[in-house]
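Below are the chains, spelled out letter by letter.
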Amino acid sequence: MTNDAITAKSQQAQQALPLVILGTGLAGYTLAREFRKLDSATPLVIVTRDAGESYSKPMLSNALAGNKSPATLAIASAQQMAAQLNARVMTHADASAIDTAAGTVLVDGQPLRYGQLVLALGAQARAPGLQGDGADAVQTVNDLADYTRFHASLQGKRRVAILGAGLIGCEFANDLHAGGFDVELVDPAAWPLGRLLPGEAGELMAGALRGLGVRLHLGEMPVAVHRRDGALAVQLASGVEIAADVVLSATGLLPRVALAQDGGIATARGIVVDRLLRTSAPSVYALGDCAEVDGLVLPYVMPLMQAARALARTLAGTPTPLSYAAMPVVVKTPVLPAVVSPALAGAGNWEIESQAAAGEAGAGLRALFRDTQGALTGFALLGKAVAEKGALARQISDWLPVQAAPA
Ligand SMILES: Cc1cc2nc3c(=O)[nH]c(=O)nc-3n(C[C@H](O)[C@H](O)[C@H](O)COP(=O)(O)OP(=O)(O)OC[C@H]3O[C@@H](n4cnc5c(N)ncnc54)[C@H](O)[C@@H]3O)c2cc1C
């Protein structure tokens, strides 16, 4: 073979190395789909330690009200996804180490070579850190398999205690109530959705949940879970005990950074990436709940969709920096619909415009967050006020302004 032929051959081999995506959540599968629209030839390998079904995670916290069984939440099996995407989908496969120098990732103990590697590893539920002989019975719901277990554990039961009144805790409280359960909701903060809403808005949400019959334990820290007569009891720091058949913890999510960190890839709160979704290692990218994009960790669907579209183009050969407009988050609490655009920039003040008192028909509230210069940087809308979402979102400056593509 001539030198030219050898070079051509090695280039070919280089090109034949697969794009490897770790994760079959919304980030991994959306990226794969967007990539296939642009490149139908490059081999694609997708690795997940779960069953690899395509499903919409947000539906886990409103499935009961919609009478959806866990099985019907899966839109497509791993096999169907593999066929659709012309990909190899490795299920129940654990990625345990990345060797960026060798360009390999260890999957079930076997090195898998990648041309480009994408980390779409998601986030893990924060452990509630509880004492007591019932602590091991506390559940978290962060994927379809968790939900399937949780759903099975509810059969024939009536009382559910939820630890954490954030977005996921409040959504589950509303949904479990709609499913016919008695719900107790515990949070150390003074009002639900404490990280997203100002006090007045939080009070309105608390009132709406109480109106349903959900019992709120605010300003209360859960410290232990005990087994009592075949059921559970959640002990609060105040000494109060809540009897429950099932205990769900929803106390926050932590980006999965360990795999990257152990591989020498830079991490902070999430896996650190730039606007091209590039990590600190060559040919390794990250998106979705595991990623920290230009300093932002946004564990929501809309940002990951934008990221998937931009990254697909970059991986297919057209470097495309990610940009974000402000993306308000819809809180799925039908008892009192809420839309929140978190203020990312930090310092500032809430301005409350009450529209109706708690409990009144058509209760609603508009709260605007202004930075120290007076610019609108966030908002919270409850009830009827959610209709203003689009108009207000347009007044907030872009979270990641458009950047020129690199030359
Ligand atoms: C109950 C609930 C309700 C929500 N509701 C909303 C909502 O209404 N709106 C909204 O915008 N967002 C909502 N979210 C957040 C949203 O669902 C997430 O932002 C999104 O699903 C994250 O997708 P992802 O692909 O980044 O991560 P994940 O879906 O967590 O996927 C991670 C993938 O990585 C795999 N994986 C991890 N580690 C390994 C490993 N070592 N080896 C192999 N595979 C691995 C996992 O198996 C999985 O396939 C909700 C979240 C929850 C939990």
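Residues numbered from 1 in each chain as written. Predicted model: local features only at pLDDT ≥ 70, side-chain atom pairs only at ≥ 80, totals over all residues. Heavy atoms only, no water.

Re the overall build of the chain
Piece 1. From N to C terminus, the chain includes 10 helices and 26 strands.
Piece 2. Relative to a compact globule of 407 residues, whose C-alpha radius of gyration would be 22 Å, the chain shows 23 Å and is just as compact.
Piece 3. Projected onto the principal axes, the alpha-carbon positions of the chain cover approximately 80 × 55 × 35 Å.
Piece 4. Within the span of the chain, comprising 407 residues, buried residues form 48% of the whole.
Piece 5. Intrachain contacts of the chain at a sequence separation of at least 6 include 60% that bridge at least 24 residues.
Piece 6. A total accessible area of about 18400 Å² is found for the chain, and carbon and sulfur atoms account for 51% of it.
Piece 7. Distance from the positive charge centre (31 side chains) to the negative charge centre (34 side chains) of the chain: 5 Å. (Helix = DSSP H or I, 4+ residues; strand = E, 2+ residues; numbered from the N terminus. Rg over C-alpha atoms; globule rule 2.2 N^0.38 Å. Buried < 20%, exposed > 50% of the residue type's maximum accessible area, 1.4 Å probe, protein only. Contact = heavy atoms within 4.5 Å. Areas by Shrake-Rupley, 256 points an atom, 1.4 Å probe, with all protein chains shown as cover. Lys, Arg positive; Asp, Glu negative; His and termini not counted. Charge placed at Lys NZ, Arg CZ, Asp CG, Glu CD.)

Here's the deal with the sheet that holds strand β25 (residues 364-370)
The strands that make up a sheet pair up through hydrogen bonds in the backbone, lying either parallel or antiparallel.
Piece 1. Read across the open sheet, the 5 strands follow the order β22-β23-β26-β25-β24; overall the sheet is antiparallel. Only two strands of the sheet have a single partner each, and these edge strands are β22 (329-331) and β24 (349-354). Across the sheet, the mean angle separating the axes of adjacent strands is 15 degrees when strand polarity is ignored.
Piece 2. Here strand β23 (residues 338-341) pairs with strand β26 (residues 376-383) via 4 bridges, running antiparallel. (Pairing = 2+ DSSP bridges. Axes fitted to C-alpha atoms, helices over the stretch in contact; angles between N-to-C directions.)

Things to note about the site of the ligand
Piece 1. Around the ligand, the surrounding shell holds 30 residues, and the nearest of these are A27, T48, D289, V301 and K332.
Piece 2. In this structure, an oxygen atom belonging to the ligand sits 3.1 Å away from a main-chain N or O atom of P299.
Piece 3. A distance of 3.4 Å separates an oxygen atom of the ligand from a polar backbone atom of Y300.
Piece 4. Burial of the ligand by the protein amounts to 93% of the accessible area it has alone, namely 1000 Å².
Piece 5. Counting residues per element, the shell around the ligand draws most heavily on helix α6 (residues 167-178), at 3 residues. (Near = heavy atom within 4 Å. Polar contact = N/O pair within 3.5 Å; in protein donor to acceptor, adjacent residues only side chain to side chain.)

So, the pattern of salt bridges
Piece 1. Overall, the coordinates contain 14 salt bridges when judged by the stated rule.
Piece 2. Its salt-bridge partner being K37, residue E34 comes within 3.0 Å of it at the nearest N-O pair. In this pair, E34 and K37 are both assigned in helix α2 (residues 26-38), 3 residues apart and thus about one turn of the helix distant.
Piece 3. Relative accessible area serves as the criterion here: at 60%, K37 is assigned to the exposed category.
Piece 4. One salt bridge in this structure joins D146 and R149, with 2.8 Å as the shortest N-O distance. Placement of the pair is D146 and R149 together in helix α5 (residues 144-154), with a separation of 3 residues, close to one helical turn.
Piece 5. When salt bridges that share partners are traced, they join E353, R366 and E388 into one network. (Salt bridge = Lys/Arg side-chain N within 4 Å of Asp/Glu carboxyl O.)

Examining the nonpolar core
Piece 1. Membership of the largest hydrophobic core comes to 72 residues, with the highest contact counts inside it found for L22, V105 and L119.
Piece 2. The element best represented in this core is helix α9 (residues 301-315), accounting for 7 residues.
Piece 3. Not counting chain neighbours up to four residues away, the residues in contact with L22 comprise V47, A95, V105, L117, V118, L119, A120, L121 and L259.
Piece 4. With 41 residues, the next largest nonpolar core counts V160, C170, V246 and V340 among its residues. (Core = buried A, V, L, I, M, F, W, Y, C linked by side-chain atoms within 4.5 Å.)

Concerning the sheet that holds strand β15 (residues 231-236)
Piece 1. In spatial order, the strands read β14-β15-β16; together these 3 strands make up an open sheet with antiparallel pairing. Edge positions in the sheet fall to β14 (222-228) and β16 (241-244), since each of these pairs with one other strand and no more. Ignoring strand direction, the axes of neighbouring strands in this sheet form an average angle of 25 degrees.
Piece 2. Sheet analysis places β14 next to β15, joined by 6 bridges and oriented antiparallel. The residue of β15 that forms the bridge with A224 is Q235.

Thoughts on the packing of aromatic side chains
Each aromatic ring pair is described using two quantities: the centre-to-centre distance and the angle formed by the ring planes.
Piece 1. Scanning the entire structure with this criterion turns up 3 aromatic pairs.
Piece 2. Considering the side-chain rings of Y147 and F150, the 6.4 Å spacing of their centres and the 50 degrees angle between planes classify their relative orientation as tilted. Of this pair, Y147 and F150 both sit in helix α5, 3 residues apart, roughly one helical turn. For the pair formed by Y147 and F150, the shared burial category is buried.
Piece 3. Between W350 and F369, the ring centres sit 5.3 Å apart and the planes meet at 75 degrees, which makes this aromatic pair edge-to-face. Separated by 19 residues along the polypeptide, W350 in strand β24 and F369 in strand β25 bring together distant segments of the chain.
Piece 4. With a relative accessible area of 10%, F369 lands in the buried category.
Piece 5. Linked through ring pairs, Y147, F150 and F172 together constitute an aromatic cluster. (Phe/Tyr/Trp six-rings, centres within 6.5 Å; stacked < 30°, edge-to-face > 60°.)

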